[in-house]
Amino acid sequence: MKKIIASILLVISFSSLSQVLKLSELSENDNITSKIYLLQTFEEDFNRIKELDFKAHKKEHVKIPYTNKYIWMKLSVENDSSEDILKYLVIDSTLTGEVTVFEEIDGVIVNETFSGSALEWNKRLVKDFYATFPITFNKGSEKTIYIKRKSHHTLDAHIKLIGAEAYSKQVQTNSTVMAIYLGIIIGLAIYNFFLYFFTKNVIYVYYSMFSLSVLGTALSMNGYLDFLFPNTFPFSENLLIFSSLAMVTALNFSAHYINLKIYNKKLQNFMVVIGSLGILNLLIYLSPIHQITGSYNGVIVDLLIALACLSMLTGGVIATKKGNILARFYLLSWIFVFLGVFLYFGSTFGLFPRNDFFRYGIMWGNACEMLIVAIGLSYQISILEMEKRTAQIQALGREKYKRLVRVLIHDVGNPLSLISYYVKKWIVDPSQFEDSTKRSKTLNKLLRGVTNIEALLKSVREEELLFKNSGKISNMAVIDVKECINESCEVLENKIHSKNIYIERNITDKDCFILADKVNFINNILNNIISNSIKFSDESSKIIIDCDVLNKKLYLSIKDFGVGIPREVISKFNSGEELQSHRGTMGEIGTGFGLQLMKSYVESFNGAVTISSNVRGETSDGMTEVSLIFSIVKRS
């Protein structure tokens, strides 16, 4: 019984091996994968292969995992027409490795040719992305074809017999698709390099490194690098180099893009471990140890890529849940990656037609991914710009607050000092105010001080209007500078008397009208300058106030002969830096606010201010002169 069954199986086996393809039954672009016979073995000698048992494949595609064995394929073809026919035998994978084709007629090898991704472009039988072999079938004859394939890559392909016209169209399509993909990724990489130079944000460098490494992987996987550099190196056969670099740069970019260290430090460390293992595996592949490890390097890198993708996706989900806006772009880009992979494998396994669109699904998905991530990076610029504007608004708010504090602390003090001075005199010796004329003058000074404080408080309440129009005060009017000088000296009368300082006024007879706010001009400009001169002058010293008009400009200078201002302090004043307070010649305490506050108001009134000074020392006397320039206006 066993002998009968064995005999039946043997007959079936021989009958299947005797199956012959007729060219008349094939189309211009026919997939003959299901007609081939397949064998995996360590045997590489063709003469001994013929003695081994090939198995009918019967599937529409060949899918063989990593293996160190030789893959042998066999098919018989009969040209049943009346003329010779040229066909291209194509293994439509760019990762075929080293492929040898033997053509046998009546048990005799009539042709032996070599091609595949393991060969440099110019050494391939046909300069093509796929392993391609032109085979001439003589009329009325039968030919058996043996295919030997050796590679450390997986094999996922169709075996086709293609006519010359269909083959030419396929080559043109492959070249066009790869050129478009190359242009998209190179353009994105260059764009982000430029963004780095403008923004100095290293994330754009990480993106460019990531995109270029992915580009190298795609071009290597599809044979385009072999085409671009035909005499250098079989890039496709060394895809592991590019895929390892792409994995490492993708992990690095992803961690920075979604700012993973803030959301999950452990996951970030796990990604670092994966990247380190990927680099180690790459170094082993590039070393002589690879002769021992063989196809295991490919298995390892595939496993690491799977773990990297899983960790990057997990990081994106975590960052999205935490409210990271860029993480949304990141996850959206992964949707297109998965869609591209689905389209590719769907066409491979027959869910979709295996046309050019589906065949390049992974590349389209990757191009969309890179584009969406780049859009996210561009959106990041708008986020940073919004944050910058917010910071500027907050800084402006803080500056306004500081100005208010300066006004209240520094300038209200001067009229209060005047009021305090006369109130104390009245309490100590009321008799000196019995004279009605003197009493009236004193009360008028007190009233003027109170009025001054009220005006200052009103100015504070209107602070929001102060810089409404590009930093210019909105409620300005024509004021008389000579009148303002006299009022300022009156407000500071007690300070002047306390140090017995003589005020010399050299004021022109010409009209001295300028456009400014009178309250702020007196309190924040004149009072600040004169009170500083008093503060740093010695007792019985002199302060000179000069006011003149020349060429429609008003020149006002206030000069004292005190201790002087150091050069570095003047430099800070000119650059707008904060100034520290210093005690006066009689220990007077200040705030350090006055000079910068004065400068800001002078500029608000379209004026200019300069300070020149000599610091008192062994070889020179002290002197400080503050000079103001304003445009003269006519009094309406």
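Residues numbered from 1 in each chain as written. Predicted model: local features only at pLDDT ≥ 70, side-chain atom pairs only at ≥ 80, totals over all residues. Heavy atoms only, no water.

Engineer: Summarise empty space enclosed by the protein; cite the residues concerned and give the values.
Structural biologist: Inspection of the entire model under this criterion finds 1 cavity of 30 Å³ or more. In this structure, the largest cavity encloses a volume near 30 Å³. As for the largest cavity, its lining consists of Gln19, Val20, Leu21, Lys35, Tyr37, Leu75 and Ser76. For the lining of the largest cavity, the class distribution of residues is 4 nonpolar, 2 polar and 1 charged. (1 Å grid on protein atoms, 1.4 Å probe; cavity = no way out; pocket = protein on both sides within 12 Å on 5 of 7 lines; lining within 4 Å. Points joined across faces, edges and corners; volume = space filled by probe spheres on them. Nonpolar A, V, L, I, M, F, W, Y, C, P; charged D, E, K, R; others polar.)

Engineer: Just give me the short version of the nonpolar core, but keep the residues and values in it.
Structural biologist: It is characteristic of soluble globular proteins that their nonpolar side chains tend to be buried jointly. Counting 57 residues, the largest nonpolar core has Tyr181, Phe253, Tyr257 and Met312 as its most contacted members. For this core, the element with the highest residue contribution is helix α4 (residues 203-221), accounting for 9 residues. Judged by nonpolar contacts, the second largest core, of 41 residues, contains Ile485, Ile501, Tyr601 and Val602. (Core = buried A, V, L, I, M, F, W, Y, C linked by side-chain atoms within 4.5 Å. Buried < 20%, exposed > 50% of the residue type's maximum accessible area, 1.4 Å probe, protein only. Helix = DSSP H or I, 4+ residues; strand = E, 2+ residues; numbered from the N terminus.)

Engineer: Tell me about the environment of Val101, and please be specific about residues and values.
Structural biologist: Position of Val101 among the secondary structure elements: in strand β8 (residues 98-105). In this structure, the C-alpha to C-alpha distance between Val101 and Ile135, residues 34 residues apart in sequence, is 9.8 Å. Not counting residues up to four positions away in its chain, the partners in contact with Val101 are Leu89, Asn111, Glu112, Thr113, Phe133, Ile135, Ile145, Tyr146 and Ile147. (Contact = heavy atoms within 4.5 Å.)

Engineer: Quick rundown of the sheet that holds strand β19 (residues 608-614)? Include the residues and the values.
Structural biologist: Ordered by their spatial adjacency, 5 strands build an open sheet running β15-β17-β18-β20-β19, and the pairing between neighbours is mixed. Each having just a single partner strand, β15 (502-507) and β19 make up the two edges of the open sheet. Adjacent strand axes in the sheet meet at a mean angle of 10 degrees when their direction is disregarded. As paired strands, β15 and strand β17 (residues 542-550) are joined by 6 bridges and run parallel to one another. Looking across to β17, one finds that Arg505 is bridged to Ile545. Each of β15, β17 and β18 (553-560) touches helix α16 (residues 481-491); the most contacted strand, β15, lies at about 175 degrees to it. (Pairing = 2+ DSSP bridges. Axes fitted to C-alpha atoms, helices over the stretch in contact; angles between N-to-C directions.)

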